[in-house]
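The chain contents come next:
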Amino acid sequence: MATGLALGAVACGGGGGGEDKPAETSGASEQDEAKATRLLEKAREEHSEERLRMIIARFGHTQAAESAKGDLGVILAGQAAEALKSGELDKSEEKALEAKVYGDLATTRKAQDVLDQVDDQRADLVSKDASSIAENGKCASALKRVANTLGKKARERYKKKVQAQSRDAIVKCLAEKIEDEVKAANIDGARSLLDQSEVKVALDKEGQTAAEKALAKSIVKRSLTSIQPMLEKHEWQPAIDEIDKLQADKTLDAKEYEAAFSLVQDAILAFLVKRSTEALVDKHPGEIWNEIEATEKLARWKRTPDELSDLYAYLSIAIECENAGCKVGKPKVRYSWGKIDLKPPADLKGGTVSSTKHAQKVWVVGDGKDFSLIALEDPGSATGAELWKQVTGWADEKQLKSQDTVLWLPPVDQLPGTRIWGPLRAPQKDYHLGVVKQVVGGKNVIVKRLSDDEEVTVALRDIRVGTLKNGLKVMAFCVDQLHPEKAKIDKVVTSVGGMPKVKVLCEKGNKERVEVAGALTSQKSWLPPKKP
């Protein structure tokens, strides 16, 4: 890396500095100060870097020289930024380092930002180069490529970035070389790969640990050929007993024992992923879970691996479905009758986790005795984990209907707040819109008319859902406000304030009008039949 001008007072790794200090100008004569000031004005007019440097060199004891330093710092920081844009990294670094010498705090920060970007770009170039070399199997060359750039003068940001970005490729390369040496029974050769001085420089602590683990694992794998057949047969406990015996005999040291046990853990993990996946499509997932649970205990993980966590979550749903006696088949479309409170997918006896809306379309994934396991989106042909992850919860089967319930009244206990059509102006038989306020004795309802907010009591059997669907026959004031005429609802225009406005098409003359819904009437025979 270029170190710029001879700036002995600046360390390449510096990131601070640049604080303003009062100028020591007590020894400057008035004549020198005046001359320096005139030169400074000239330098500023010409934006001259050369004149600024001359003032600093010849009149360093003046206040004007201090001002010139600040101006020079700004110019240098600008040049550093321009050089960075054009890809001249050496020049950019040189200018930025010098800007930090002359500039004030704000300039120093700008210069440091440029240096950070220089480091990032260089780190990208070197790490990509080193990774490419490592991927071609040339580990030593990759290590040297990194180590040669990380001398004493390398800034910390650059060092960390290069090491982090090249780590995976270099460690993988070393692991493959180690494996080859161990297979050839050249254990010393395998160990020597990590004794290279470049390893300690090019790899950070994380990389060194990973490489050491790869070495231990390869050595252990070769030393423990006796346990491989056990692992293949899923004889976990005998394999663990064999490793424990080798540690007791001091055949394996602490690090090698750890590596040996990790081989058993790897085998157990692969087995558990396979068995969990199988359990998700099995008719008796609970039986498989008992096997999974017992096997996981042998692995001694401090925390269940991420690969298993999601599978276990889905498996708990499948097991709950099995316990509830539900049958899983092709998802069936159903419609919620009223709002349905849903129980947790993995806990049929748990509290409500979410709810459907009245007349919401759902898909039954599992048919239970009294409850069904549903999804709110179409699972399609999904199976296993893809199916179970779409499940939303358990729904009361009595509230799931095969017909669309959009024109049904919700269950009696959910009627309050529901808009209905009813004979709300006895003895007239016309049906008016209202909102149910209360159910009385299970046979009557108190309804607030939309037209005037008056509350009336009518028989529950006489009310119908307050639909405003397109094509519904109504009576509207097509000609005047005294004589309603036959019409059909075209569409709802707005529902602001709870009072819908609808566009109607009058039968006479096919005239269009926008009416407040509360002013419309209908006939029992024109309305959907009472359901359920």
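Residues numbered from 1 in each chain as written. Predicted model: local features only at pLDDT ≥ 70, side-chain atom pairs only at ≥ 80, totals over all residues. Heavy atoms only, no water.

### Considerations on the overall build of the protein
Point 1. For the protein, the helix and strand inventory stands at 16 helices and 17 strands.
Point 2. Against the globule reference of 24 Å for 532 residues, the protein gives a C-alpha radius of gyration of 41 Å, more extended than a compact globule.
Point 3. When its C-alpha atoms are laid out on the principal axes, the protein stretches across 110 × 85 × 40 Å.
Point 4. Expressed as a percentage of its 532 residues, the buried residues of the protein come to 43%.
Point 5. Put simply, 57% of the contacts in the protein that link residues at least 6 apart link residues at least 24 apart.
Point 6. Surface summary for the protein: the accessible area is close to 28,700 Å², and the carbon and sulfur share equals 49%.
Point 7. Charge separation in the protein, taken as the distance between the mean sites of 84 positive and 83 negative side-chain charges, equals 7 Å. (Helix = DSSP H or I, 4+ residues; strand = E, 2+ residues; numbered from the N terminus. Rg over C-alpha atoms; globule rule 2.2 N^0.38 Å. Buried < 20%, exposed > 50% of the residue type's maximum accessible area, 1.4 Å probe, protein only. Contact = heavy atoms within 4.5 Å. Areas by Shrake-Rupley, 256 points an atom, 1.4 Å probe, with all protein chains shown as cover. Lys, Arg positive; Asp, Glu negative; His and termini not counted. Charge placed at Lys NZ, Arg CZ, Asp CG, Glu CD.)

### Some remarks on the side chain of Ser218
Point 1. Within the secondary structure, Ser218 sits in helix α10 (residues 205–223).
Point 2. Judged by its relative accessible area of 5%, Ser218 falls in the buried class.
Point 3. Here the side chain of Ser218 touches Glu179 through a polar contact of 2.7 Å, side chain to side chain.
Point 4. Contacts of Ser218, omitting those with residues within four sequence positions, involve Ile178, Glu179 and Val182. (Polar contact = N/O pair within 3.5 Å; in protein donor to acceptor, adjacent residues only side chain to side chain.)

### Focus on the sheet that holds strand β5 (residues 371–375)
The pairing of strands in a sheet comes from backbone hydrogen bonds and takes either a parallel or an antiparallel form.
Point 1. If you walk across this open sheet you meet the five strands as β6-β5-β4-β1-β7, and the pairing is antiparallel. Pairing within the sheet leaves two strands with one partner each, and these edge strands are β6 (391–396) and β7 (400–401).
Point 2. Across four bridges, strand β4 (residues 361–367) lies against β5 in antiparallel orientation. By the bridge assignment, Gly366 is partnered in β5 with Leu373. (Pairing = 2+ DSSP bridges.)

### Section: the pairing of strand β16 (residues 512–516)
Point 1. For strand β15 (residues 501–506) and β16, the ladder comprises five bridges, and the chain directions are antiparallel. Among the inter-strand pairings, Leu505 is bridged to a residue of β16, identified as Glu512.
Point 2. Between β15 and the antiparallel strand that follows it, β16, lie five residues; Gly509 among them carries a positive phi value of about 70°.

### So, helix α12 (residues 236–248)
Point 1. The end-to-end C-alpha separation of α12 is 18 Å, in line with the 18 Å expected for 13 residues at 1.5 Å each.
Point 2. What α12 keeps buried is the set Trp236, Ala239, Ile240, Ile243 and Leu246. All buried residues of α12 project into a common sector of 120° when viewed along the axis, lining one side.
Point 3. Those residues of α12 that are buried lie in contact with α11 (228–232), α13 (254–279) and α14 (285–299).
Point 4. Positive phi appears at Lys250, one or two residues downstream of α12, with a value of about 65°. (Expected span 1.5 Å × (residues − 1). Arc of directions from axis to C-beta.)

### Brief notes about the nonpolar core
Point 1. Core analysis: the largest hydrophobic core is formed by 45 residues, its most contacted members being Leu224, Ile243 and Trp388.
Point 2. Membership of the second largest hydrophobic core comes to 31 residues, among which are Ile133, Val182, Ala211 and Leu215. (Core = buried A, V, L, I, M, F, W, Y, C linked by side-chain atoms within 4.5 Å.)

### Observations concerning the layout of surface pockets
Point 1. In this structure, the second largest pocket spans a volume of roughly 350 Å³.
Point 2. Where the lining of the second largest pocket is concerned, the elements lending two or more residues are α15 (306–323), β1 (327–336) and α16 (384–388).
Point 3. With four residues, β1 is the largest single contributor of residues to the lining of the second largest pocket.
Point 4. Residues belonging to the lining of the second largest pocket are distributed by class as follows: 12 nonpolar, five polar and four charged. (1 Å grid on protein atoms, 1.4 Å probe; cavity = no way out; pocket = protein on both sides within 12 Å on 5 of 7 lines; lining within 4 Å. Points joined across faces, edges and corners; volume = space filled by probe spheres on them. Nonpolar A, V, L, I, M, F, W, Y, C, P; charged D, E, K, R; others polar.)

### Focus: the environment of Ile340
Point 1. With respect to the helices and strands, Ile340 occurs in the loop between β1 and β2 (341–342).
Point 2. On the basis of relative accessibility, which here comes to 1%, the residue Ile340 falls in the buried class.
Point 3. If sequence neighbours within four positions are ignored, Ile340 has contacts with Ser354, Ser355, Thr356, Ala395, Asp396, Gln399 and Leu400.

### With respect to the state of the cysteines
The term disulfide refers to a covalent linkage connecting the sulfur atoms of a pair of cysteines.
Point 1. Under the definition given, this model contains three disulfides.
Point 2. Each disulfide pairs two cysteine sulfurs, and for Cys321 the partner residue is Cys326, the sulfurs being separated by 1.6 Å. The sign of the S-S torsion, about -120°, decides the handedness of the disulfide formed by Cys321 and Cys326: left-handed. For the pair Cys321 and Cys326, one class covers both residues: buried. (Disulfide = S-S within 2.5 Å.)

### Quick look at helix α3 (residues 63–85)
Point 1. When the terminal C-alpha atoms of α3 are compared, their 34 Å separation across 23 residues agrees well with the 33 Å that a helix rising 1.5 Å per residue should span.
Point 2. Within α3, burial applies to Ala64, Ala65, Ala68, Leu72, Gly73, Ile75, Leu76, Ala77, Ala80, Ala83 and Leu84.
Point 3. Those residues of α3 hidden inside the fold are in contact with α1 (30–46), α2 (49–58), α4 (89–102) and α5 (105–135).
Point 4. Downstream of α3 by one or two residues, Gly87 has phi in the positive range, about 80°.

### A word on the packing of aromatic side chains
Point 1. Counted according to the given criterion, the structure contains three aromatic pairs.
Point 2. Geometrically, the ring pair formed by Trp289 and Tyr312 is edge-to-face, given 5.0 Å between the ring centres and 85° between the ring planes. Taken together, the residues span a long stretch of sequence, with Trp289 in helix α14 and Tyr312 in helix α15 at a distance of 23 residues. (Phe/Tyr/Trp six-rings, centres within 6.5 Å; stacked < 30°, edge-to-face > 60°.)

### Focus on the packing of α2 against α3
Point 1. Across the interface, α2 lies against α3 with an axial gap of 9 Å and an inter-helix angle of 145°. As α2 packs across α3, the resulting crossing turns out to be left-handed. Along the contact surface, α2 presents Glu49, Leu52, Arg53, Ile55 and Ile56, while α3 presents Ala64, Ala65, Ala68, Lys69, Asp71, Leu72, Ile75, Leu76 and Gln79.
Point 2. Residue classes in the contact of α2 with α3 are distributed as nine nonpolar, one polar and four charged. (Axes fitted to C-alpha atoms, helices over the stretch in contact; angles between N-to-C directions. Left-handed = near helix turned anticlockwise from the far one by under 90°.)

### Observations concerning the pairing of strand β11 (residues 455–459)
Point 1. In terms of strand pairing, strand β10 (residues 444–449) meets β11 through five bridges, oriented antiparallel. Of the residues in β11, the one forming a bridge with Asn444 is Ala459.
Point 2. Hairpin connection from β10 to β11: five residues lie between these consecutive antiparallel strands, with Asp453 at a positive phi of about 65°.

### Focus on the confidence of the model for the protein
Point 1. With 94% of its residues at a pLDDT of 70 or more, the protein shows a mean pLDDT of 89.
Point 2. Scored below 50 in pLDDT, residues 1–26 makes 45 contacts in the model with residues more than four places away or belonging to other chains. (pLDDT = per-residue confidence, 0-100.)

### Topic: the pattern of salt bridges
Point 1. Under the defined criterion, the tally for this structure stands at 32 salt bridges.
Point 2. Measuring nitrogen to oxygen at the nearest pair gives 2.5 Å for the salt bridge that ties Glu278 to Arg275. Note that Glu278 and Arg275 are positioned in helix α13 at a spacing of three residues, about one turn of the helix.
Point 3. Relative accessible area serves as the criterion here: at 28%, Glu278 is assigned to the partly exposed category.
Point 4. One continuous salt-bridge network, built from bridges that share partners, spans Asp90, Glu93, Asp119, Arg122 and Arg155. (Salt bridge = Lys/Arg side-chain N within 4 Å of Asp/Glu carboxyl O.)

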